[in-house]
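Descriptive structure summary
In case you want the letters, here they are:
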Amino acid sequence: AAVARDLGFGGRHVIIDLPPMLLLQRYWLRFSGIPAYLGEDTPPAARADAAPPGGVVLESSLARAPGQRYVSGADLRGALFLGLWSLTEAGLGARSKVWPLLLASGVVLLAFGNEFDGVDNARFLDEELRRGGLSRTHRILCWHLASSAGHYYLLAVRRDLGP
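Described below are features of the structure shown in this document. Quick caveat: nothing in here was measured; it's all calculated off a predicted structure. (Residues numbered from 1 in each chain as written. Predicted model: local features only at pLDDT ≥ 70, side-chain atom pairs only at ≥ 80, totals over all residues. Heavy atoms only, no water.)

**Regarding the nonpolar core**
Ranked by internal contacts, the top residues of the largest apolar core, which has 17 residues, are F81, L87, W99, L102 and L110. Where this core is concerned, the elements lending two or more residues are α4 (92–104), β5 (107–113), α5 (121–132) and β9 (151–158). By residue number, the principal contributor to this core is α4, which donates four residues. Contacts of L87, omitting those with residues within four sequence positions, involve F81, R95, V98, W99, L102 and L110. With eight residues, the next largest nonpolar core counts I15, L22, L29 and L38 among its residues. (Core = buried A, V, L, I, M, F, W, Y, C linked by side-chain atoms within 4.5 Å. Buried < 20%, exposed > 50% of the residue type's maximum accessible area, 1.4 Å probe, protein only. Helix = DSSP H or I, 4+ residues; strand = E, 2+ residues; numbered from the N terminus. Contact = heavy atoms within 4.5 Å.)

Rendered as structure tokens:
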């Protein structure tokens, strides 16, 4: 979140993570001068219903539909879904909750290992991308991460965003 802001991103940033990590992220973001607010599934005394533009919403991955109330009705064709190992190291239930956000996003960047906790991530991603129709709406590129055996990047960009 801090790097995105330093690079000029001024929109709403939604981070979905486990509750203890959200508290750590909130501390460091606020320490860095970035407004950060806990989402709906955190203790009510510490919760903000919405972050202002440029702020960061920290949403629990344990929520029924994490992050979706902050982007409901929004055009996500220009949105970035970034999951550097996080999505593919989450349980299958948590993955399914955020999958609609991934499918709606204009750009998707994932890093993943072949396997995590007994789940074949390459197979999982292939099946979910086919089932969700991402290959019809996005150009998809996957390549091996040279510095780490068995790890890959996946980049998907909406076809209507240009070549």
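**Observations concerning the environment of L101**
Structurally, L101 can be placed in helix α4. Accessibility expressed as a relative area gives 11% for L101, which makes it buried. Taking the C-alpha atoms as reference, L101 lies 7.5 Å from F81; in sequence the two are 20 residues apart.

**Focus: the packing of aromatic side chains**
Across all of its chains, the model carries six aromatic pairs by this definition. On the numbers, 6.1 Å between centres and 20° between planes, the contact of Y27 with F31 is stacked. With Y27 and F31 both in helix α2 (residues 19–31) and four residues apart, the pair spans about one turn of that helix. By relative accessible area, which is 47% here, Y27 ends up partly exposed. Measuring from centroid to centroid gives 5.4 Å for W28 and F31, while their planes differ by 80°, and the two rings are edge-to-face. Of this pair, W28 and F31 both sit in helix α2, three residues apart, roughly one helical turn. One aromatic cluster is present, built from ring pairs that chain together Y27, W28 and F31. Positioned over the ring face of Y37 is R30, at 5.8 Å from the centre of the ring. (Phe/Tyr/Trp six-rings, centres within 6.5 Å; stacked < 30°, edge-to-face > 60°. Lys NZ or Arg CZ within 6 Å of the ring centre and 35° of its normal.)

**Regarding the layout of surface pockets**
Of the pockets and cavities examined, the second largest pocket occupies roughly 200 Å³. Looking at the second largest pocket, the residues that line it are F112, A122, L125, D126, L129, R130, S135, I140, C142 and L154. Mapped by element, the contributors of at least two residues to the lining of the second largest pocket are α5 and β8 (138–144). The dominant element in the lining of the second largest pocket, judged by the number of residues it contributes, is α5, at five residues. For the lining of the second largest pocket, the residue count by class is seven nonpolar, one polar and two charged. (1 Å grid on protein atoms, 1.4 Å probe; cavity = no way out; pocket = protein on both sides within 12 Å on 5 of 7 lines; lining within 4 Å. Points joined across faces, edges and corners; volume = space filled by probe spheres on them. Nonpolar A, V, L, I, M, F, W, Y, C, P; charged D, E, K, R; others polar.)

**Observations concerning α5**
Because each turn of an α-helix spans 3.6 residues, side chains separated by three or four positions in sequence point in the same direction. Here α5 spans 16 Å end to end across twelve residues, near enough to the 16 Å set by a 1.5 Å rise per residue. Where α5 starts, the residue carrying a side-chain oxygen 3.3 Å from the main-chain nitrogen of A122 turns out to be D120. After α5 finishes, the residue G133 shows a positive phi value of roughly 75°. (Expected span 1.5 Å × (residues − 1). Polar contact = N/O pair within 3.5 Å; in protein donor to acceptor, adjacent residues only side chain to side chain.)

**Topic: the packing of α4 against α5**
Axes are the key here: two packed helices are described by the angle between their axes and the distance separating the axes. Between α4 and α5, whose axes approach to 12 Å, the crossing angle comes to 45°. Between α4 and α5, the interaxial angle falls into the category oblique. Here α4 runs over α5; the crossing is right-handed. Judged by residue contacts, L92, R95, W99 and L103 of α4 engage N121, F124, L125, E128, L129 and G132 from α5. (Axes fitted to C-alpha atoms, helices over the stretch in contact; angles between N-to-C directions. Parallel < 35°, antiparallel > 145°, perpendicular 65-115°, else oblique. Left-handed = near helix turned anticlockwise from the far one by under 90°.)

**A word on unusual backbone geometry**
Backbone geometry at W85 places phi at a positive 75°, although glycine is not the residue there. The phi torsion at D117 lies on the positive side, around 50°, for a residue other than glycine. Relative to the helices and strands, D117 is located in the loop between β6 (115–116) and β7 (119–120).

By themselves, these figures tell us nothing about what the structure is for.
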